[in-house]
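Residues per chain are reported as follows:
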Amino acid sequence: MRTVIIGSGIGGLLTASFLAKNGYEITVLEKSPYIGGRFANLSYRGFGLSTGAFHMLPHGEDGPLAHLLKLLNADVRIVNSDPKGMILYEGRTFHYREGWKYLSFTEKAKATKLLLDIKRGKLPVDDPEMSGREWIREKIGDNEFVDLFIKSFLGWADSVLDVPAGELAREIKAALRWGGPGMVRGGCSAITDELVRIVERNGGSILTRRRVVEVDAEGKKVITADGEEFPYDVLVSNIGIKETVELIGRDNFDRDYLGRVDSLKPSEGIKYNVALKGKPRIGNTVVFTLDTERINGYNEPSSLSPELAKEGYTLVMLHHALQSRNVKAEQRKGIEDIYRIFPNLDGEGEILLIQTYLDGNPVNRVASGQTVEDFPIDDVYIVGDAYKPPGGIEVEGIALGVMRTLERLGLGSFSEWYL
């Protein structure tokens, strides 16, 4: 069956890998000169940065993405973080479990009950207007530490500072079920490069510098900027719901669907890449930063993969969710935070590169907590960061969306993974 996949991000490559292994005739069209989208390594001044992600998976070797990679027999090594997380608060960095001491006896009891309820599937009503952080305050109490932690977690994990209560509950449920993060040995490209090998080993082709400008859904063909036409029986789009609608033509969709698509909002953020002299300070984990104005968290990818840093240095990646459209002001506040975290930065290292994601290159084309189910054009499927089922954080959400697509194509059952 002829299948065209638009975009070689991790959602497109995952789908392509499964379809190629199941006998589909695969052609992946990528507009960029490189493969992997925002999940690829970026070589810069002797360091292995990334095009977007943090060389880390939200649920490590036990989450949805790792499960799909195992089904593909992908040669990828993921190492779970230990500890699962750390917290910077009141000038001190400590194991996340120590955070309980900032709750009163009553707050601890309420928090324990809430976690048990979530684990059992007792979730809040799905209401997009119900704030997740407000829901936590109602359930536990007006505790500054708890609110700052949730804010930091959401900023790091979702690149937003709040999500609907139902989404937050499912993300907590996911953490309780699948555990904390883990890093990828070799960084992001260790996964996307392996997926490329699987696609090509099974007869698929991946073409770069092929920008798709039109999809003729009636004639079932994709047209690129240089006039090439690629006929399909199945079309998989990894470039976003809004973008796919535009390629097909808005006239082919009803007003209600267009209204839902137009209401989708992206998440946007800034990533800071820092080089520090010497050995890793925190190792394979993530630090949630509660003492900062903008930075939400950071990790050290070279603690697992030393080749990602220049000899004698440690690579640190920090991130913050954008709070305004004044990018220069946001960056200034982020840099001030970096000096709060690393007061001796000028003597110990430097800021290598600042990467800002907004407008046409958001962190996620659709922020967590928003979904539009069932693309209404026959034989067209959406995957990637524009289609993350509830509770799916970043690439784990992309993996859940790929699972749904595979099910619709009759290639497996993944119901036990849905939140």
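Everything below is about the structure printed above this text.
The following refers to the structure shown. (Residues numbered from 1 in each chain as written. Predicted model: local features only at pLDDT ≥ 70, side-chain atom pairs only at ≥ 80, totals over all residues. Heavy atoms only, no water.)

## What to know about the sheet that holds strand E1 (residues 2-6)
And then number 1: The sheet built from 5 strands is open, its strands ordered E10-E2-E1-E14-E20 with parallel pairing. One side of each edge strand has no neighbouring strand; the edge strands of this open sheet are strand E10 (205-207) and strand E20 (380-382). Across the sheet, the axes of successive neighbouring strands diverge by a mean angle of 20 degrees, strand direction being ignored.
And then number 2: In terms of strand pairing, strand E14 (residues 234-237) meets E20 through 3 bridges, oriented parallel. By the bridge assignment for E20, Val236 is matched with Tyr381. (Pairing = 2+ DSSP bridges. Helix = DSSP H or I, 4+ residues; strand = E, 2+ residues; numbered from the N terminus. Axes fitted to C-alpha atoms, helices over the stretch in contact; angles between N-to-C directions.)

## Overview of the side chain of Thr27
And then number 1: On the secondary structure map, Thr27 appears in strand E2 (residues 25-29).
And then number 2: For Thr27, the residues in contact, after removing those within four places along its chain, are Thr3, Val4, Ile5, Ser205, Leu207 and Phe230. (Contact = heavy atoms within 4.5 Å.)

## As for the nonpolar core
And then number 1: Grouped together as the largest cluster of nonpolar side chains are 48 residues, with contacts concentrated most on Ile10, Leu14, Ile26, Leu65, Ile191 and Leu195.
And then number 2: Of all elements in the fold, only helix H1 (10-21), E2, helix H2 (64-71), helix H6 (165-178), helix H7 (188-201), E14 and helix H12 (394-408) reach the threshold of two or more residues within this core.
And then number 3: Non-local contacts of Leu65, meaning those with residues more than four positions away in its chain, are made with Ile10, Leu14, Leu57, Ile191, Val395, Glu396 and Ala399.
And then number 4: Phe47, Val79, Phe145 and Ile172 belong to the second largest nonpolar core, which has 41 residues in total. (Core = buried A, V, L, I, M, F, W, Y, C linked by side-chain atoms within 4.5 Å. Buried < 20%, exposed > 50% of the residue type's maximum accessible area, 1.4 Å probe, protein only.)

## Observations concerning the sheet that holds strand E6 (residues 78-80)
And then number 1: The antiparallel open sheet is built from 3 strands, whose spatial order is E5-E9-E6. Two strands bound the open sheet, and with one partner strand each, they are strand E5 (56-57) and E6.
And then number 2: Across 3 bridges, E6 lies against strand E9 (residues 182-184) in antiparallel orientation. Bridge pairing links Val79 to Met183 in E9.

## Some details on the pattern of salt bridges
And then number 1: All chains considered together, the criterion is met by 24 salt bridges.
And then number 2: The residue Glu350 makes a salt bridge to Arg45 at a minimum N-O spacing of 2.8 Å. Placement of Glu350 in strand E19 (residues 349-357) and of Arg45 in the loop between strand E3 (41-44) and strand E4 (47-50) is noted, with a sequence separation of 305 residues between them.
And then number 3: Judged by relative accessible area, which is 45%, Arg45 ranks as partly exposed.
And then number 4: A salt bridge links Asp374 to Arg408, with the nearest nitrogen and oxygen atoms 3.1 Å apart. Of the two residues, Asp374 sits in the loop between E19 and E20 while Arg408 sits in helix H12, which places them 34 residues apart along the sequence. (Salt bridge = Lys/Arg side-chain N within 4 Å of Asp/Glu carboxyl O.)

## Overview of H12
And then number 1: For H12, which comprises 15 residues, the first-to-last C-alpha distance of 22 Å matches the rise-based estimate of 21 Å (1.5 Å per residue) to within 8%.
And then number 2: By the criterion of burial, H12 is predominantly enclosed, with 13 of the 15 residues buried.
And then number 3: Positive phi appears at Gly410, one or two residues downstream of H12, with a value of about 75 degrees. (Expected span 1.5 Å × (residues − 1).)

## Notes on the pairing of strand E8 (residues 92-95)
And then number 1: Summarising the sheet, strand E7 (residues 86-89) and E8 pair through 4 bridges and their orientation is antiparallel. By the bridge assignment, Tyr89 is partnered in E8 with Arg92.

## Thoughts on unusual backbone geometry
And then number 1: Following Asp82, the chain continues to Pro83 via a peptide bond in cis, the omega torsion being 0 degrees.
And then number 2: With respect to the helices, strands and loops of the structure, Pro83 is situated in the loop between E6 and E7.
And then number 3: Of note, the phi angle at Glu394 is positive, near 45 degrees, even though the residue is not glycine.
And then number 4: For Glu394, the position within the fold is in helix H12.

## Concerning H7
And then number 1: With 14 residues, H7 ought to run about 20 Å at 1.5 Å a step, and its terminal C-alpha atoms sit 20 Å apart, in line with that.
And then number 2: Here H7 has its buried residues at Cys188, Ser189, Ile191, Thr192, Glu194, Leu195, Val196, Ile198 and Val199.
And then number 3: Gly203 lies just past H7 and shows a positive phi near 90 degrees.

## Considering the packing of aromatic side chains
And then number 1: Counted under the stated rule, the structure contains 13 aromatic pairs.
And then number 2: Where Phe47 meets Tyr313, the ring centres are 6.1 Å apart and the plane angle is 80 degrees; that geometry is what we call edge-to-face. Of this pair, Phe47 sits in strand E4 while Tyr313 sits in strand E18 (residues 313-321), and the two are 266 residues apart along the sequence.
And then number 3: The exposure class assigned to Phe47 is buried, which follows from its relative accessible area of 4%. (Phe/Tyr/Trp six-rings, centres within 6.5 Å; stacked < 30°, edge-to-face > 60°.)

## Regarding the packing of H1 against H2
And then number 1: Their axes nearest at 11 Å, the elements H1 and H2 cross at an angle of 30 degrees. Relative to H2, H1 is oriented roughly parallel. In the crossing of H1 with H2, the sense of the turn from one axis to the other is left-handed. Here Ile10, Leu14, Phe18 and Lys21 of H1 lie close against H2, whose contacting residues are Leu65, Leu68, Leu69 and Leu71. (Parallel < 35°, antiparallel > 145°, perpendicular 65-115°, else oblique. Left-handed = near helix turned anticlockwise from the far one by under 90°.)

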